[in-house]
Amino acid sequence: MEYVTIVIMLALTQYVWFSIQVGRARGRFEVQVPSISGNDGFERYFRAHQNTAERLVVFLPAIFACGYFVNSLFAAAMGLVFVAGRGLYFRGYTDPDKNRSAGFAIGESANILMILSTLFVTVTSLL
Amino acid sequence: MEYVTIVIMLALTQYVWFSIQVGRARGRFEVQVPSISGNDGFERYFRAHQNTAERLVVFLPAIFACGYFVNSLFAAAMGLVFVAGRGLYFRGYTDPDKNRSAGFAIGESANILMILSTLFVTVTSLL
Amino acid sequence: MEYVTIVIMLALTQYVWFSIQVGRARGRFEVQVPSISGNDGFERYFRAHQNTAERLVVFLPAIFACGYFVNSLFAAAMGLVFVAGRGLYFRGYTDPDKNRSAGFAIGESANILMILSTLFVTVTSLL
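Residues numbered from 1 in each chain as written. Chains lettered and ligands numbered in written order. Predicted model: local features only at pLDDT ≥ 70, side-chain atom pairs only at ≥ 80, totals over all residues. Heavy atoms only, no water.

**As for the overall build of chain A**
Regarding its fold elements, chain A presents 4 helices and 0 strands. Starting at the N terminus and walking to the C terminus, you meet the elements of chain A as α-α-α-α. Its C-alpha atoms put chain A at 55 × 25 × 20 Å along the principal axes. Counting over 127 residues, chain A shows a buried share of 56%. Summed over all atoms, the accessible surface of chain A reaches about 5,400 Å², with 63% contributed by carbon and sulfur. Chain A carries 10 positive and 8 negative side-chain charges, and their two centres are separated by 1 Å. (Helix = DSSP H or I, 4+ residues; strand = E, 2+ residues; numbered from the N terminus. Buried < 20%, exposed > 50% of the residue type's maximum accessible area, 1.4 Å probe, protein only. Areas by Shrake-Rupley, 256 points an atom, 1.4 Å probe, with all protein chains shown as cover. Lys, Arg positive; Asp, Glu negative; His and termini not counted. Charge placed at Lys NZ, Arg CZ, Asp CG, Glu CD.)

The structure is reproduced here in structure tokens:
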């Protein structure tokens, strides 16, 4: 599970980097604590980060279970796809001229493949 | 841990389904990206989903630790209770005529039972 | 991993306690469901809780991997630092006269140390 663990740590590092960018955006767009709404520029950073937290809630148990029950190299590869998709998503959401859809679809496809393959292996092992 | 893993994958699938419904609600109630406030109908979907993410943060480590240290069938059963509670919660929150309290209480009771039983077993094992 | 598990359960218990305080603040500041904005007092509780969920997304996989690959007592100690930092953060954010920065820095330093030490041990084990 070393490869899976390394990819998980990369995903967490990327997320911490997104968090730092939200803090910087709060200063740059001059949004006072505790407010999160009212400024389109800041809201894009805030929402791109929050959505990443919401997808990590799926990603983290899915990659761990998939690496353990299905195949650790497959899970690590899906993890890299998720990280790449999230990078695209964050850039697409924070730039009003770009689009967040492709990045979202790439990352969530990796999540869904890990969930379905884990369900297949665990359910068939009980039959 | 196969039963625990299957229940975790069911909880993640339910959550992905909630995510899809938030995306649809954004279109149906015509709420522009990145805004999340100002429309009661959309906010109900958004908040019901966000609250589920916030409870999964407790559920996922709790069911894993409870399944490992306490009993995997007990943890899997508590996981099904959590999923049922969350289904009730989502329906209760997104419908202005219904109530979200019962679903919340059911899901969170399962979480608290898993935390307390895990604490009991791990602490007593060290005595 | 008993010590790591006990510290994780403590962190979840602290977070459930924060959740209860958000619910109470909704009543005290009279903020109607599903609204989350418009009242500074409530927003401070809401945001302090939400930010804790966002940091637990890093903390939970980091302490588990660090406890498994690096050292379980080191991970448990970092976990106690995280819980202490989050307690300071929550008090600092919900009180308009205090500051949330120190608590955030303490908790996140523990997270980053766990990520970096896990990366170091897992990457060098593959060389």
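**A short note on helix H1 (residues 2-28) of chain B**
Taking 1.5 Å of rise per residue, the 27 residues of H1(B) would be expected to cover 39 Å, and the 39 Å separating its terminal C-alpha atoms lies within 8% of that figure. A positive phi of about 55 degrees marks Glu30(B), the residue just after H1(B). (Expected span 1.5 Å × (residues − 1).)

**As for the relation of the copies chain C and chain A**
Take chain C, turn it by 120 degrees, move it 0.0 Å along the axis, and it overlays chain A with an RMSD of 0.0 Å. Such values leave the two copies arranged in the relation of a three-fold axis. By C-alpha distance to the rotation axis, the residue of chain C lying nearest is Val57(C), at 4.0 Å. (Least-squares fit on C-alpha atoms with pLDDT ≥ 70 in both.)

**A few points about the packing of aromatic side chains**
All names here are of chain A. The final tally for this structure, using the stated rule, is 27 aromatic pairs over all chains. Geometrically, the ring pair formed by Tyr-45 and Phe-90 is edge-to-face, given 5.9 Å between the ring centres and 70 degrees between the ring planes. Within this pair, whereas Tyr-45 is found in helix H2 (residues 40-69), its partner Phe-90 is found in helix H3 (residues 72-94), the two being separated by 45 residues in sequence. The burial state of Tyr-45 is the same as that of Phe-90; both residues are buried. Joined through ring pairs, the aromatic side chains of Phe-18, Phe-29, Tyr-45 and Phe-90 make up one cluster. (Phe/Tyr/Trp six-rings, centres within 6.5 Å; stacked < 30°, edge-to-face > 60°.)

**Considerations on the side chain of Glu43(A)**
In this structure, Glu43(A) sits in helix H2. Buried and unpaired, Glu43(A) has no salt bridge, with Arg47(A) as the nearest side chain of opposite charge at 6.7 Å. Not counting residues up to four positions away in its chain, the partners in contact with Glu43(A) are Ile36(A), Ser37(A), Gly38(A), Pro34(B), Ser35(B) and Ile36(B). (Salt bridge = Lys/Arg side-chain N within 4 Å of Asp/Glu carboxyl O. Contact = heavy atoms within 4.5 Å.)

**Some thoughts on the side chain of Gln50(C)**
Position of Gln50(C) among the secondary structure elements: in helix H2 (residues 40-69). At 2.9 Å, the side chain of Gln50(C) and the side chain of Arg47(C) are in polar contact. Each residue touching Gln50(C), except ones within four places of it in the same chain, is listed here: Phe46(A), Gln50(A), Gln50(B) and Glu54(B). (Polar contact = N/O pair within 3.5 Å; in protein donor to acceptor, adjacent residues only side chain to side chain.)

**Some remarks on the interface of chain B and chain C**
Frequently, the measure chosen for interface size is the accessible area removed from exposure when the parts meet. Across the boundary between the two partners, chain B contributes 24 residues, which contact 25 residues of chain C. At the boundary of chain B with chain C, total buried surface from both sides reaches about 2,100 Å², with 74% on carbon and sulfur atoms. Across the contact surface, chain B and chain C share 2 residue pairs in polar contact (both at pLDDT 80 or more). For the side of chain B that touches chain C, the secondary structure elements donating two or more residues are helix H2 (40-69) and helix H4 (101-126) of chain B. Per-element accounting of the side of chain B that touches chain C gives the leading share, 14 residues, to H2(B). In terms of residue class, the side of chain B that touches chain C is built from 12 nonpolar, 4 polar and 8 charged. (Buried area = accessible area lost by both parts, 1.4 Å probe. Nonpolar A, V, L, I, M, F, W, Y, C, P; charged D, E, K, R; others polar.)

**Describing the relation of the copies chain B and chain C**
Under the fitted operation, chain B is carried onto chain C by 0.0 Å of movement along the axis and a turn of 120 degrees, and the coordinates agree to an RMSD of 0.0 Å. Little of the interface of chain B is mirrored in chain C, where only 12% of its interface residues are also at the interface.

**Let's talk about a nonpolar patch on the surface**
On the surface, Tyr3(A), Leu73(A) and Leu126(C) cluster together into a nonpolar patch covering about 300 Å² of accessible area. Among the residues examined, Leu126(C) registers a relative accessible area of 37% and is labelled partly exposed. (Patch = residues over 30% accessible without salt bridge, like charges linked within 9 Å, V, L, I, M, F, W, Y side chains within 5 Å.)

**A look at the pattern of salt bridges**
Any two side chains of opposite charge can pair, given that their charged atoms come close. Residues and elements named next belong to chain A. Under the criterion given, the structure shown has 6 salt bridges over all chains. Note that Arg-55 and Glu-108 form a salt bridge whose closest N and O atoms lie 2.6 Å from each other. You can see Arg-55 sitting in helix H2 and its partner Glu-108 sitting in helix H4 (residues 101-126), a full 53 residues away along the chain. Side by side, Arg-55 and Glu-108 carry an identical accessibility label, which is buried.

**A few points about the environment of Glu54(B)**
As for its position among the elements, Glu54(B) is in helix H2. On the basis of relative accessibility, which here comes to 6%, the residue Glu54(B) falls in the buried class.

**Some details on the confidence of the model for chain A**
Overall, the predicted model of chain A reaches an average pLDDT of 96, with 100% of residues at or above 70. This prediction of the complex comes with two scores: 0.96 for pTM and 0.94 for ipTM. (pLDDT = per-residue confidence, 0-100.)

**Some points on the interface of chain C and chain A**
On the chain A side, the residues contacting the 24 residues of chain C number 25 residues. Interface area for chain C against chain A, summed over the two sides, is near 2,100 Å², with a carbon-plus-sulfur share of 74%. The interface formed by chain C and chain A holds 0 salt bridges in total. Taken together, the links from chain C to chain A amount to 2 residue pairs in polar contact (both at pLDDT 80 or more). Broken down by secondary-structure element, the contributors of at least two residues to the side of chain C that touches chain A are H2 and helix H4 (101-126) of chain C. Here the side of chain C that touches chain A gets 14 residues from one element, more than from any other, and that element is H2(C).

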